[in-house]
Amino acid sequence: MFRWGVLSTARIGREQVIPQIQDSENGVVTAIASRDAARAEAVAARFGIPHVFSSYDALLASPDVDGVYIPLPTSDHVAFAIKAADAGKHVLVEKPLALDAKDIARVIEARDRNNVVVSEAFMVTYHPQWHKVRDLIAEGAIGRLRHVQGVFCYHNVDPDNMRNKPELGGGGLPDIGVYPTVTTRFATGLEPERVQAMVERDPNFGTDIYSSVKADFGSFELSFYVSTQMALRQSMLFHGDRGFIEVNAPFNTPDYGDTRVTMFSADHNSASVHRFPRARQYRLQAEAIVLAAQGEKVPIFTLEDSVKNQKLIDAIYRAAGHDAGRPFKNPAAFRPYPRPFR
């Protein structure tokens with residue numbers, strides 16, 4: 001069994017990733033580290049994790065760990081991904097990996113010089129519902145794709161939450177704006193050419209709390225909005241000239257509903273429904289990373305793909321006039337629309 005170590009006792013690890021690694025076919029969590037020893041001990045006791053460390057460096061030095069999962073604050077992702085790779089560990093790091101596409105180059109260098117697997121944790125790309133959406137589009141089930149619509153919202157005004165702290169990499173676009181972008185890119189295999197956006201920041205937190213985005217992919221457009229201060233909602237819709245595909249709870253189940261992909265006919269008189277009640281995307285993700293680490297030729301979310309997705313997020317900030325330390329270095333690829341939102 002592949003031996004996982006976890007850096008921090010973050011909620012995403014406790015509630016989703018650790019339980020599904022423990023239930024996976026090829027891996028087990030053998031170590032956990034936290035700056036708060038009592039919290040690490042409590043999580044270890046809950047999941048039967050044998051090794052507990054009071055520092056992240058100590059876990060990275062452990063011979064009992066083959067790879068690490070990193071759910072630290074976003075501001076620490078790049079640094080610890082590099083440290084873990086340099087320690088000879090395979091790495092699964094929570095999204096967003098970085099806050100600027102250029103910073104991912106250093107992670108790629110660390111991956112290559114240490115010959116390890118390093119992957120950003122876009123669990124959605126392992127979920128069979130998104131493979132189904134991709135297949136339906138590719139086989140022309142909805143004809144020519146013309147427009148993609150997306151939304152991802154939740155309500156969080158806790159000043160102590162890292163998502164509301166810019167110094168920790170908080171904000172709506174880094175946290176949830178990455179999902180409409182990555183799933184559109186995954187489902188279509190295409191990259192955007194131009195982008196326009198409106199971004200609103202919280203006057204107290206300083207983080208982006210609402211973004212409305214329009215991206216031109218050449219043959220179709222993507223429009224989506226995300227917010228950290230609106231009512232809970234998720235949806236993705238792919239509209240073609242012969243039908244459309246609606247993805248219910250496209251990113252997180254069961255909080256936003258059951259996993260369901262529905263394809264409607266052009267006249268809306270018929271529909272086919274695809275359900276995936278037993279799919280566990282965090283488990284599928286962990287199993288794929290282990291297989292890749294063991295030398296199997298399996299598809300995983302690569303760092304090169306991370307660069308492409310982060311470039312789009314960087315372009316959104318730039319198009320909205322919010323550089324905020326996130327300069328966009330490839331204006332030829334992402335030119336603002338001729339007319340901004342009115």
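Residues numbered from 1 in each chain as written. Predicted model: local features only at pLDDT ≥ 70, side-chain atom pairs only at ≥ 80, totals over all residues. Heavy atoms only, no water.

J.: Looking at this structure, how should I read the nonpolar core?
T.: Within soluble globular proteins, side chains that are nonpolar tend to cluster in buried spots. The biggest cluster of nonpolar side chains holds 70 residues, and the ones touching the most others in it are Trp4, Trp130, Val133, Phe238, Ile245 and Ile316. It is helix α7 (residues 172-188) that contributes the most residues to this core, seven residues altogether. The next biggest cluster of nonpolar side chains, apart from the first, holds 29 residues, and it includes Ala31, Val107, Val118 and Val307. (Core = buried A, V, L, I, M, F, W, Y, C linked by side-chain atoms within 4.5 Å. Buried < 20%, exposed > 50% of the residue type's maximum accessible area, 1.4 Å probe, protein only. Helix = DSSP H or I, 4+ residues; strand = E, 2+ residues; numbered from the N terminus.)

J.: Any chance you could explain the packing of α7 against helix α9 (residues 303-319) here in plain terms?
T.: Helix-helix packing is described using two parameters, namely the angle between the two axes and the distance between the axes. Where α7 contacts α9, the axes come no closer than 10 Å and their chain directions differ by 120°. Overall, the two elements α7 and α9 adopt an arrangement that is oblique. As α7 packs across α9, the resulting crossing turns out to be right-handed. Only Asp305, Lys308, Asn309, Leu312, Ile313, Ile316 and Tyr317 of α9 make contact with α7, whose side of the interface consists of Leu173, Pro174, Gly177, Val178, Thr181, Val182 and Arg185. (Axes fitted to C-alpha atoms, helices over the stretch in contact; angles between N-to-C directions. Parallel < 35°, antiparallel > 145°, perpendicular 65-115°, else oblique. Left-handed = near helix turned anticlockwise from the far one by under 90°. Contact = heavy atoms within 4.5 Å.)

J.: Please explain the pattern of salt bridges as it appears in this structure.
T.: Pairs may arise between side chains of opposite charge once their charged atoms sit close together. A full pass over the atoms with the stated rule returns 20 salt bridges. Arg3 is the salt-bridge partner of Asp64, the closest N and O atoms lying 4.0 Å from each other. Residue Asp64 is located in the loop between α3 (56-60) and β4 (67-70), and its partner Arg3 is located in strand β1 (residues 2-7); the two are separated by 61 residues in the primary sequence. A relative accessible area of 29% means that Asp64 is categorised as partly exposed. For Arg3, a relative accessible area of 28% corresponds to the partly exposed category. The residue Glu304 makes a salt bridge to Arg111 at a minimum N-O spacing of 2.7 Å. Of this pair, Glu304 sits in helix α9 while Arg111 sits in helix α5 (residues 104-114); the two residues are 193 residues apart in sequence, bridging distant segments of the chain. Within the structure, one salt-bridge network assembled from shared partners comprises Asp23, Glu25, Arg280, Arg283 and Glu287. (Salt bridge = Lys/Arg side-chain N within 4 Å of Asp/Glu carboxyl O.)

J.: Even after reading the chapter, I still don't get the packing of helix α6 (residues 128-138) against α7, so can you show me in this structure?
T.: Across the interface, α6 lies against α7 with an axial gap of 8 Å and an inter-helix angle of 50°. As summarised for this structure, α6 and α7 are arranged oblique, according to the angle between their axes. Of the residues in α7, those in contact with Trp130, His131, Val133, Arg134 and Ile137 of α6 are Thr183, Phe186 and Ala187.

J.: What is the right way to read the side chain of Arg185 from this model?
T.: Topologically, Arg185 is positioned in helix α7. Leave out the neighbours within four places in its chain, and Arg185 touches Leu190, Glu191, Phe217, Asp305, Lys308 and Asn309.

J.: Is there a simple way to think about the sheet that holds β1 in this case?
T.: In a beta sheet, neighbouring strands pair by backbone hydrogen bonds and run either parallel or antiparallel. Read across the open sheet, the six strands follow the order β3-β2-β1-β4-β5-β6; overall the sheet is parallel. Each edge of the open sheet is held by one strand with a lone partner, namely β3 (51-53) and β6 (118-120). Averaged over all pairs of adjacent strands, the angle between strand axes in this sheet comes to 25°, irrespective of strand direction. Bridge count for strand β2 (residues 27-33) against β3 is three bridges, and the pairing is parallel. Following the sheet pairing, Ile32 is matched in β3 by Val52. (Pairing = 2+ DSSP bridges.)

J.: Sorry if this is basic, but what is going on with the environment of Ser306 here?
T.: In this structure, Ser306 sits in helix α9. As a C-alpha pair, Ser306 and Ile49 span 257 residues in sequence and 30 Å in three-dimensional space. Non-local contacts of Ser306, meaning those with residues more than four positions away in its chain, are made with Leu97, Ile104, Glu120 and Phe301.

J.: Looking at this structure, I do not really get α9. What am I missing?
T.: Along an α-helix, a turn takes 3.6 residues, which lines up residues three or four apart on a common side. The end-to-end C-alpha distance of α9, which contains 17 residues, comes to 24 Å, matching closely the 24 Å that a straight helix rising 1.5 Å per residue would cover. The set of residues buried in α9 consists of Leu303, Ser306, Val307, Asn309, Gln310, Leu312, Ile313, Asp314, Ala315, Ile316 and Tyr317. On its buried face, α9 sits against α5, β6, α7, β8 (194-201), β9 (208-216) and β10 (221-227). (Expected span 1.5 Å × (residues − 1).)

J.: What is the right way to look at the pairing of strand β7 (residues 145-155) in this model?
T.: For a regular strand, the rule is simple: side chains alternate between the two faces of the sheet. Of the strand pairs in this sheet, β7 and strand β11 (residues 229-240) are connected by nine bridges, and their pairing is antiparallel. Pairing of Gln149 across the sheet is with Leu237, part of β11.

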